[in-house]
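If you want the building blocks of each chain, they are given just below.
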Amino acid sequence: TVHSLPGESLAPRRKSRRIMVGPVPVGGGAPVSVQSMTTTLTADVNATLQQIAQLTASGCQIVRVAVPSQDDVEALPAIAKKSQIPVIADIHFQPKYVFAAIDAGCAAVRVNPGNIRQFDDKVGEIARAAGDAGVPIRIGVNAGSLDKRLLQKYGKATPEALVESALWECSLFEEHGFRDIKISVKHNDPVVMIQAYRQLAQACDYPLHLGVTEAGPAFQGTIKSSVAFGALLAEGIGDTIRVSLSAPPVEEVKVGTAILESLGLRERGLEIVSCPSCGRAQVDVYTLAEQVTSALEGFPAPLRVAVMGCVVNGPGEAREADLGVASGNGKGQIFVKGEVIKTVPESQIVETLVEEALRLADQMGVD
Ligand code: SF4
């Protein structure tokens, strides 16, 4: 097939140290992983585990849970034990929660330098506990909660301020010999975010967690994250990603996965290639593309399926598809690897494509 495979990315990956988030390697040439964050009350163990199961099913590889209270801390052991994917505890103010999260079996802990000033005298203890347990720390700098000292120095959350905050916090851990760290420097403006990550990529070899914070509702957030992650990943920067959307977290995972697939950083799954339609179209391409997309949702084989609006240009334009349809005169020409194999009435196009997709998957040895 002509699909891009992992490794055919646009630039060599930046060389970063490798950390292990539970069994998932991050950095050091490991595949870029997709993360998300639960929206349930962490203290509600069942609801949280249920959401984690949904995230896992959608391809999420690492999940973060917020730990704002003692009730949440108490839920961590059950969540860490039963989650199918590694759990990162997100902790802002309380050093004692960091120790509890490590004891609970969380795979990593995220701390925020803007809020960690009160942690300063505890960093040694945190470094020791995390080091003993083999638990990495994410230094998560956020434009919205930047250290006041840096806010005064730079006037606002500039890329330089975000990077200085992250590196300063790393240095506190490094003083204690702890380097099991990954970093994020999130901003809601992709331009600032891209500059910050570029600078950070130059300044250290820690693995980087990419994120655009408060990216917005699904459409805007998808665009912002795709553009920002795309720019950085195309330069080889980024070891793990989290798309933030004001939408259910499963959507974040779908977008994150699609970004990696687009850049050839992950083997593509099923891909629908549909034409934009034009004056030559002899079928409602939008509706047909949606019907084909939903009929093949979750299809296990990495097929490229084309939906083309006319028989004149369709098959030629979709030459690289494994399978497809070109419509004309109320009928659909079904083609496989560029050859028309049959013509069916419009009402049978979707079912015929599904049958042929199953046949191709069978030939490929995919169940
Ligand atoms: Fe237009 Fe046909 Fe091309 Fe679709 S396949 S854009 S209908 S020429």
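That block above? That's the structure.
Just so you know, these numbers come straight off a predicted model, no measurement behind them.

J.: What should I look at first to understand the overall build of the protein in this one?
T.: Looking only at helices and strands, the protein features 12 helices and 15 strands. Sequence-distant contacts in the protein: of pairs separated by 6 or more residues, those separated by 24 or more amount to 64%. For the protein, the accessible area works out to roughly 16100 Å², and carbon and sulfur atoms hold 51% of it. Averaged over its 34 positive side-chain charges, the protein has a centre that lies 4 Å from the centre of its 41 negative ones.

J.: What is the right way to look at the environment of I241 in this model?
T.: Assignment of secondary structure puts I241 in strand β10 (residues 240-242). Residue I241 is classed as buried on the basis of its relative accessible area, which comes to 0%. Sequence separation of I241 and G365 is 124 residues, and the distance between their C-alpha atoms is 31 Å. Beyond its immediate sequence surroundings of up to four residues, I241 is in contact with V32, S33, V34, Q35, L210, F229, G256 and L260.

J.: What is the right way to read the packing of aromatic side chains from this model?
T.: Both the distance between ring centres and the angle between the ring planes are used here to describe each pair of aromatic rings. In this structure the tally under the stated criterion is one aromatic pair. Aromatic side chains F173 and F178 sit 5.7 Å apart centroid to centroid with 50° between the ring planes, which places their arrangement in the tilted category. Above the face of the W168 ring, R149 is positioned so that its terminal group lies 5.2 Å from the ring centre.

J.: Sorry, what's going on with the nonpolar core here?
T.: As a rule of thumb, soluble globular proteins bury nonpolar side chains together. Counting residues in hydrophobic clusters, the biggest one holds 77 residues, and the most contacted among them are I183 and F229. For this core, the element with the highest residue contribution is helix α6 (residues 159-174), accounting for eight residues. With near-sequence residues (within four places) excluded, I183 lies in contact with I139, A166, C170, Y197, L200, C204, Y206, P207, L208 and H209. Core analysis: the second largest hydrophobic core is formed by 28 residues, V292, A301, L303 and A306 among them.

J.: Help me out: how do you make sense of the pattern of salt bridges in this one?
T.: It is possible for side chains of opposite charge to pair when their charged atoms get near one another. Throughout the structure, instances matching the rule amount to 16 salt bridges. Taking the shortest distance from any N to any O, the salt bridge between R304 and E320 comes out at 3.6 Å. Taken together, the positions of R304 in strand β12 (residues 304-308) and E320 in the loop between α11 (314-317) and β13 (323-328) put the pair 16 residues apart, joining distant regions of the chain. Note on R304: relative accessible area 10%, which makes it buried. Under the relative-accessibility criterion, E320 is labelled exposed at 53%. Via salt bridges that share partners, R13, R14 and D239 belong to a single interconnected network.

J.: Which parts of the structure should I look at to understand the site of the ligand?
T.: The environment of the ligand is formed by C275, P276, S277, C278, R280, A281, G309, C310, N313, G314 and E317. When the residues that make up the shell around the ligand are grouped by side-chain class, the tally is five nonpolar, four polar and two charged.

Cut-offs and rules
Residues numbered from 1 in each chain as written. Predicted model: local features only at pLDDT ≥ 70, side-chain atom pairs only at ≥ 80, totals over all residues. Heavy atoms only, no water. Helix = DSSP H or I, 4+ residues; strand = E, 2+ residues; numbered from the N terminus. Contact = heavy atoms within 4.5 Å. Areas by Shrake-Rupley, 256 points an atom, 1.4 Å probe, with all protein chains shown as cover. Lys, Arg positive; Asp, Glu negative; His and termini not counted. Charge placed at Lys NZ, Arg CZ, Asp CG, Glu CD. Buried < 20%, exposed > 50% of the residue type's maximum accessible area, 1.4 Å probe, protein only. Phe/Tyr/Trp six-rings, centres within 6.5 Å; stacked < 30°, edge-to-face > 60°. Lys NZ or Arg CZ within 6 Å of the ring centre and 35° of its normal. Core = buried A, V, L, I, M, F, W, Y, C linked by side-chain atoms within 4.5 Å. Salt bridge = Lys/Arg side-chain N within 4 Å of Asp/Glu carboxyl O. Near = heavy atom within 4 Å. Nonpolar A, V, L, I, M, F, W, Y, C, P; charged D, E, K, R; others polar.

Nothing here speaks to function; it is all geometry.
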